[in-house]
Amino acid sequence: MKILIIEDETELMEVIRQSLEKENFRVESAGDYDSALNKIISFDYDCILLDIMLPGGSGLDILQELKNLDKSDNVIIISAKDSLDDKLTGLELGADDYLTKPFHIAELNARIKSVLRRKSFGGKNTVELANVKLDLDDRTLHIDNQPLPLNRKEFDILSYMVVNKNRLVNKTSLAEHVWGDHMDEADDYEFIYSQIKNLRKKLKESQAGIEIQAVYGLGYKLVVL
Amino acid sequence: MKLLNHTLKYLSITLFVIISIWAAIFYVNMLDEVYDSLDDGLDNYKLLIIKKAEEDSSILSKKEFAESNYEIRELPESIAISRKDVHQDTLMYMLNEEDYEPVRMLTSAFTLNDKYYELKVISSMVEEDDLIEDLLYSLIWLYVAMIASILIVNNFLLKKTWKPFYLLLDQLKQFKLGKDAMITPAETQVKEFKELNEAVSLLLDRTLETYQGQKQFIENASHELQTPLAISINKLELLSEREDLTENNLVAIGQVIQTLERLKRLNKSLLLLSKIENKQFQDNEQVDINAIFKNLIEEFSDFAEYKNVQISFQENGQLYTFMNKNLAEIFITNFLKNAIVHNTENGSVDVTVNSSSFTVHNSGSNVPLDGQRIFQRFHKKSNEKNNTGLGLAIVKAISDLYGLSVKYDFDNGHKMTVSFK
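Residues numbered from 1 in each chain as written. Chains lettered and ligands numbered in written order. Predicted model: local features only at pLDDT ≥ 70, side-chain atom pairs only at ≥ 80, totals over all residues.

Undergrad: How would you summarise the overall build of chain A if you had to cite specific residues and measurements?
TA: Of the regular secondary structure elements, chain A holds eight helices and 14 strands. When burial is assessed residue by residue, chain A has 41% of its 225 residues classed as buried. Within chain A, contacts between residues separated by at least 24 positions form 55% of all contacts whose residues are at least 6 apart in sequence. (Helix = DSSP H or I, 4+ residues; strand = E, 2+ residues; numbered from the N terminus. Buried ≥ 20, exposed ≤ 12 C-beta atoms within 10 Å, placed from the backbone. Contact = placed C-beta atoms within 7 Å.)

Right, dumping it as structure tokens:
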């Protein structure tokens, strides 16, 4: 899987690159408008992360070029601008997703994998790990082909943890992903623990081959047993 | 008072004064001319009578006016010599009017064949009271006609002339910064309106420029702050995944991440506040407040459970309002969050929605809050590290934007009441 990061902030680009290489992706990068344009015309990528404000031009123009090349469907815009206009323009130009900085690495991971799933598995939006199978469209969980009912939040937590398997998921990141942005200021997000406790119990009872571990003070990690 | 009527008021007063003064002068002048003409006639008549008397002495014995308009009497010489021609007004009984009417009389003296005579000639004259009355009525009619015609001219012609002005005014009332619709002034030949249109256009251009500049600044500020924040948080997240860290290291990293998260929230809240105050939320729609409450109460249920707070929701009516949906959610989120955060163990949050208002009541400290100061920025109790102190400031900014009233009461707990128009 080949991913292109178009981002002018070298440090941010480097962090994203390191994180993606942990997932065994091949990562290339472009730091300005012209080199980005060269790369998208010359090569094909499975996913493109695109910053809007770039030296030498606007990321939206690159998106337009990608649309002309019919390659815009695997673009995730990463912008510091939480601007509805840009978001709408970006999505109209065929971008798959729009992520506002600052974002969590786990969130970026989840979005990238969602793009890749849609591209790779012929529209089959499922994730399999050990004896666990998640269908993200039907929102169902099967363990050893036995269905295990989950409530909405449990399912969201599990799918987020599964796409970030073996990675440390920050509890803020998890709370924002599952409960939305509304929950900021909410006492260090300790409240998410009760849902995780229930989920862990269900997974254990169904003898799932995965486990959600707590990392003290930081968050959680899903590991294959 | 409308401009049209305003001018009419002053015009009618001025016209009244001018017409009154003019009437007085006109009356005096006209009367003067009438007398002058009458007196000339009488003088001429006098000469004719004297000439006739020289030919026909019989008329010298005409001592009564009777059917004619003169009388002659003999005078002693001593009186006659000192007699001068006198024109005067007097009254005489008129058969046709059956009343005494004013007449003009010339009293003169002449000499014929060494005898002296007194001659009185009369001429009927204008009836002054009738004249004044006629004049008054004519003037009233003139005045009414003028006011009426000014009214008509005002309402049709002036209204037409002022049309570009009112058009501009309507557009200015509708104008909202940041909306695409620009003001398009009507074509006009009037210099003042042309200048007004130009001045307004220039002013708006400058304001828009400033507004765009400010918007740009907010976005740039956002960019400049968000990116270092993103780098810091993401680097720490990567760092925390390293295998060689001790538990103490992890705790320390976790604390730094939490602190940076606070900074992120603060930055986000400040940006949101500026955006609201700069009226950058324009896309209003019909918003179902009941549905938003239901949805958010569900979102908050885990948090409430964790805090041991019971949320109840009562719908007395269906509340719709016209506003930006994001802002509506932020608005309600802030009330719910406050009510849960500033609560007590085993406390409660009671939400009531009516057809034109909602209340959020929560148990909490027994000390009433300062209803004015709680809406100020960064007004918070010092020990709450997870509170940006901007929540209620954002609530106030949103309520100001949409003209909602937000009231705090202490009623066996803290109660927020929001009334929609």
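Undergrad: Describe the overall build of chain B, naming the residues involved and giving the relevant values.
TA: Looking only at helices and strands, chain B has nine helices and 11 strands in total. In chain B, buried positions account for 20% of the 421 residues. The contacts of chain B with a sequence gap of at least 6 include a subset with a gap of at least 24, amounting to 64%.

Undergrad: Please give an account of the interface of chain A and chain B that cites residues and values.
TA: Frequently, the measure chosen for interface size is the accessible area that the parts lose on association. Counting from both sides, the interface comprises 38 residues of chain A and, opposite them, 37 residues of chain B. Elements with a contribution of two residues or more to the side of chain A that touches chain B: helix H1 (10-22), strand S12 (168-170), helix H7 (171-179) and helix H8 (193-205) of chain A. When residues of the side of chain A that touches chain B are assigned to their parent elements, the largest contribution, five residues, is made by H1 of chain A. Its residues assigned to classes, the side of chain A that touches chain B shows 16 nonpolar, 11 polar and 11 charged. (Nonpolar A, V, L, I, M, F, W, Y, C, P; charged D, E, K, R; others polar.)

Undergrad: Lay out the sheet that holds strand S2 (residues 26-30) of chain A in plain terms, naming residues and giving numbers.
TA: Residues and elements named next belong to chain A. Read across the sheet, five strands follow the order S2-S1-S3-S6-S7 without closing on themselves; strand pairing throughout is parallel. The sheet is open, and its two edges are formed by S2 and strand S7 (97-100), each paired on a single side. Across this sheet, the average inter-strand angle for adjacent strands is 20 degrees, counted without regard to direction. Pairing of strand S1 (residues 2-6) with strand S3 (residues 47-51) involves four bridges; the strand directions are parallel. When the bridges of S3 are listed, Leu 4 appears paired with Ile 48. Strand contacts of H1: S1, S2 and S3, with the helix running at about 165 degrees to S2, the strand carrying the most contacts. (Pairing = 2+ DSSP bridges. Axes fitted to C-alpha atoms, helices over the stretch in contact; angles between N-to-C directions.)

Undergrad: Account for the nonpolar core, naming residues and giving values.
TA: Residues Ile 6, Leu 49, Leu 50 and Met 161 of chain A together with Ile 394 of chain B are the most contacted members of the largest nonpolar core, which totals 102 residues. Of all the elements, helix H8 (residues 325-341) of chain B adds the most residues to this core, at nine residues. If near-sequence neighbours (up to four positions away) are discounted, Ile 6 of chain A is found in contact with Ala 30, Ala 36, Ile 48, Leu 49, Leu 50, Asp 51, Leu 54, Gly 59 and Ile 62 of chain A. By size, the runner-up hydrophobic cluster in this structure holds seven residues, among which are Ile 49, Met 105, Leu 106 and Val 121 of chain B. (Core = buried A, V, L, I, M, F, W, Y, C linked by C-beta atoms within 7 Å.)

Undergrad: Before we move on, can you summarise the pairing of strand S11 (residues 414-419) of chain B with the specific residues and values?
TA: Residue and element names in this part refer to chain B. The alternating pattern of S11 places His 414, Met 416 and Val 418 on a buried face and Lys 415, Thr 417 and Ser 419 on a face that is not buried. Looking at chain direction, strand S9 (residues 357-362) and S11 are connected through six bridges and run antiparallel. Within S11, the residue paired with Thr 359 across the bridge is Thr 417. As paired elements, strand S10 (residues 405-410) and S11 share six bridges and run antiparallel to each other. Paired with Ser 405 across the strands is Ser 419, a residue of S11. Between S10 and S11, which follow one another and run antiparallel, lie three residues, and Asn 412 among them has a positive phi close to 55 degrees.

Undergrad: How would you sum up the packing of helix H6 (residues 247-277) of chain B against helix H9 (residues 391-402) of chain B? Please name residues and give values.
TA: Residues and elements named next belong to chain B. Between H6 and H9, whose axes approach to 9 Å, the crossing angle comes to 15 degrees. One element, H6, and the other, H9, form an angle in the roughly parallel class. The handedness of the crossing between H6 and H9 comes out as left-handed. Here Ser 269, Leu 272, Leu 273, Ile 276 and Glu 277 of H6 lie close against H9, whose contacting residues are Ala 393, Ile 394, Ala 397, Ile 398 and Leu 401. Broken down by class, the residue content of the contact of H6 with H9 amounts to eight nonpolar, one polar and one charged. (Parallel < 35°, antiparallel > 145°, perpendicular 65-115°, else oblique. Left-handed = near helix turned anticlockwise from the far one by under 90°.)

Undergrad: Can you lay out the environment of Glu 64 of chain B for me, pointing to particular residues and giving the numbers?
TA: By the secondary structure assignment, Glu 64 of chain B is in the loop between helix H1 (3-55) and strand S1 (70-74). Separated by 56 residues in sequence, Glu 64 of chain B and Lys 120 of chain B place their C-alpha atoms 9.8 Å apart.

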